[in-house]
Amino acid sequence: MNGPQVVALIYSVEHRDSIDYTNASALRFGDDPKFDLTVEDNRARFEMKEHYADVGEACEAIEPFIQQWEFEAGIRRGPNSFRLRYQEAEVIDRHPSASETGVKKIREFGHVLSNIKAEVGIQLGEPHYPSPPPAGGSVDLEDDYVVKMKIRYDQYRLGRAKLPDVAYVCIDLLEEKYEGLPAAAKECGISRNVLVKIRSLSSNKGGEDSRKAKGFGDDFTREEKRFLRAALKEVIIRAAQVAADASQNIPQITMADFPSL
């Protein structure tokens, strides 16, 4: 090609066996300045708004968005609930010779994807694909504290850890990283009331699920358990966002964002 231009990047949607997006409604997202996105029939098409002559450079440009999308989906819907694997690129020649016209399909760049293991359980038909993250955001998936928090939460989702244990450890990790709960709340843009409530519930309640001696404290009410699950997800996601870029324009997380207690 004399003047190649990447028109679009195509990715396939992959997921664990207990998830099914067959009947999910089409998703369209146009807020990012780099691309317009359409997801339909387990196929994600990123139509590039900026000029890229190289497929690898185009893929690298959207990689932070894909990483954050996969990370948030994994926290909110469970491990390996939504992953994207590169399939091909649509490339045109802006200065074609007489014998070279039209769009060419190129498969020269591969998106790294860890193995998705089968999970025993009922298959869940999802009516929607996971919501894309805000444009321009990013997450740090290599930050030691974020890695530890995600591992612990994944263990809970897989039935290998108790919710109070995981919540307590995650708040401990934030306190350790930022040298105290007030600093963690300030640096991460999380209301101190949210972190205090997570710490209180994970320390003093739980009944059979308690992190302390078996049967310690009252059982969680339905509202308390819903709050703990929802708040913990958003705290882990926020920790990853701040680890990547503390200057991101992200709203404060408050008690009003979660089910009332």
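Above this text is the structure in question.
Quick look at the structure, then.

Rules used throughout
Residues numbered from 1 in each chain as written. Predicted model: local features only at pLDDT ≥ 70, side-chain atom pairs only at ≥ 80, totals over all residues. Heavy atoms only, no water. Helix = DSSP H or I, 4+ residues; strand = E, 2+ residues; numbered from the N terminus. Buried < 20%, exposed > 50% of the residue type's maximum accessible area, 1.4 Å probe, protein only. Contact = heavy atoms within 4.5 Å. Areas by Shrake-Rupley, 256 points an atom, 1.4 Å probe, with all protein chains shown as cover. Phe/Tyr/Trp six-rings, centres within 6.5 Å; stacked < 30°, edge-to-face > 60°. Core = buried A, V, L, I, M, F, W, Y, C linked by side-chain atoms within 4.5 Å. Arc of directions from axis to C-beta. Expected span 1.5 Å × (residues − 1). Polar contact = N/O pair within 3.5 Å; in protein donor to acceptor, adjacent residues only side chain to side chain. Salt bridge = Lys/Arg side-chain N within 4 Å of Asp/Glu carboxyl O.

## Some thoughts on the overall build of the protein chain
Looking only at helices and strands, the protein chain features 6 helices and 8 strands. Each helix (α) and strand (β) of the protein chain, taken in turn from the N terminus, gives the series β-β-β-β-β-α-β-β-β-α-α-α-α-α. By residue count, 44% of the 261 residues in the protein chain fall in the buried class. Sequence-distant contacts, at least 24 apart, represent 72% of the contacts inside the protein chain between residues at least 6 apart. Carbon and sulfur atoms form 44% of the exposed surface of the protein chain, whose accessible area is close to 13400 Å².

## Topic: the packing of aromatic side chains
Using the criterion set out here, one finds 12 aromatic pairs in the structure. A centroid spacing of 5.7 Å and a plane angle of 80° characterise the contact between Tyr11 and Tyr86, whose relative ring orientation is edge-to-face. Taken together, the residues span a long stretch of sequence, with Tyr11 in strand β1 (residues 4–14) and Tyr86 in strand β6 (residues 83–93) at a distance of 75 residues. Exposure remark for Tyr11: the relative accessible area of 0% places this residue in the buried category. Overall, Tyr86 belongs to the buried group, its relative accessible area being 6%.

## A word on unusual backbone geometry
With phi around 55°, Asn80 is a residue other than glycine that occupies positive phi space. The backbone of Glu179 shows a phi angle near 60°, a positive value even though the residue is not glycine. Along the polypeptide, Glu179 turns up in the loop between α3 (163–178) and α4 (181–188).

## What about the nonpolar core?
Counting residues in hydrophobic clusters, the biggest one holds 37 residues, and the most contacted among them are Phe71, Met149, Leu174, Leu195, Ile198, Leu232 and Ile236. Put simply, the parts of the chain that give this core at least two residues each are α1 (55–77), α2 (144–157), α3, α4, α5 (192–204) and α6 (222–244). Here this core takes 10 residues from α6, the largest share from any one element. Apart from the residues within four sequence positions on either side, Phe71 is in contact with Val139, Leu141, Val146, Lys150, Ile236, Ile237 and Ala240.

## Some thoughts on α4
Note: α-helices contain 3.6 residues per turn, so residues at a spacing of three or four share the same orientation. Among the residues of α4, Leu181, Ala184, Ala185 and Cys188 are the ones counted as buried. Down the axis of α4, the sector holding all buried residues measures 100°, keeping them to one side. Remark: Gly189 follows α4 within two positions and exhibits a positive phi of approximately 65°.

## Observations concerning α2
Compared with the 20 Å implied by 1.5 Å per residue over 14 residues, the 20 Å span of α2 between its first and last C-alpha is a close match. Those residues of α2 that sit buried are Val146, Met149, Tyr153, Asp154 and Tyr156. With its buried residues spanning 155° around the axis, α2 presents them on a single face. Buried residues along α2 sit against α1, α3 and α6. The backbone nitrogen of Tyr145 lies 3.1 Å from a side-chain oxygen of the residue at the head of α2, namely Asp143. Looking one or two residues past α2, Gly159 carries a phi angle of roughly 80°, positive in sign.

## Considerations on the pattern of salt bridges
A pair can form between side chains of opposite charge whenever their charged atoms are brought close. For the structure shown, the criterion picks out 13 salt bridges. Residue Glu126 pairs with Arg77 through a salt bridge whose shortest N-O separation is 3.6 Å. Here Glu126, found in the loop between β8 (124–125) and α2, pairs with Arg77, found in helix α1; they are 49 residues apart in sequence, far enough to count as distant. The exposure class assigned to Arg77 is partly exposed, which follows from its relative accessible area of 21%. One salt bridge in this structure joins Lys177 and Asp143, with 3.0 Å as the shortest N-O distance. Here the residue Lys177 occupies a position in helix α3, and Asp143 occupies one in the loop between β8 and α2, the gap between them amounting to 34 residues. Through salt bridges with shared partners, a single ionic network connects Arg45, Glu47 and Glu90.

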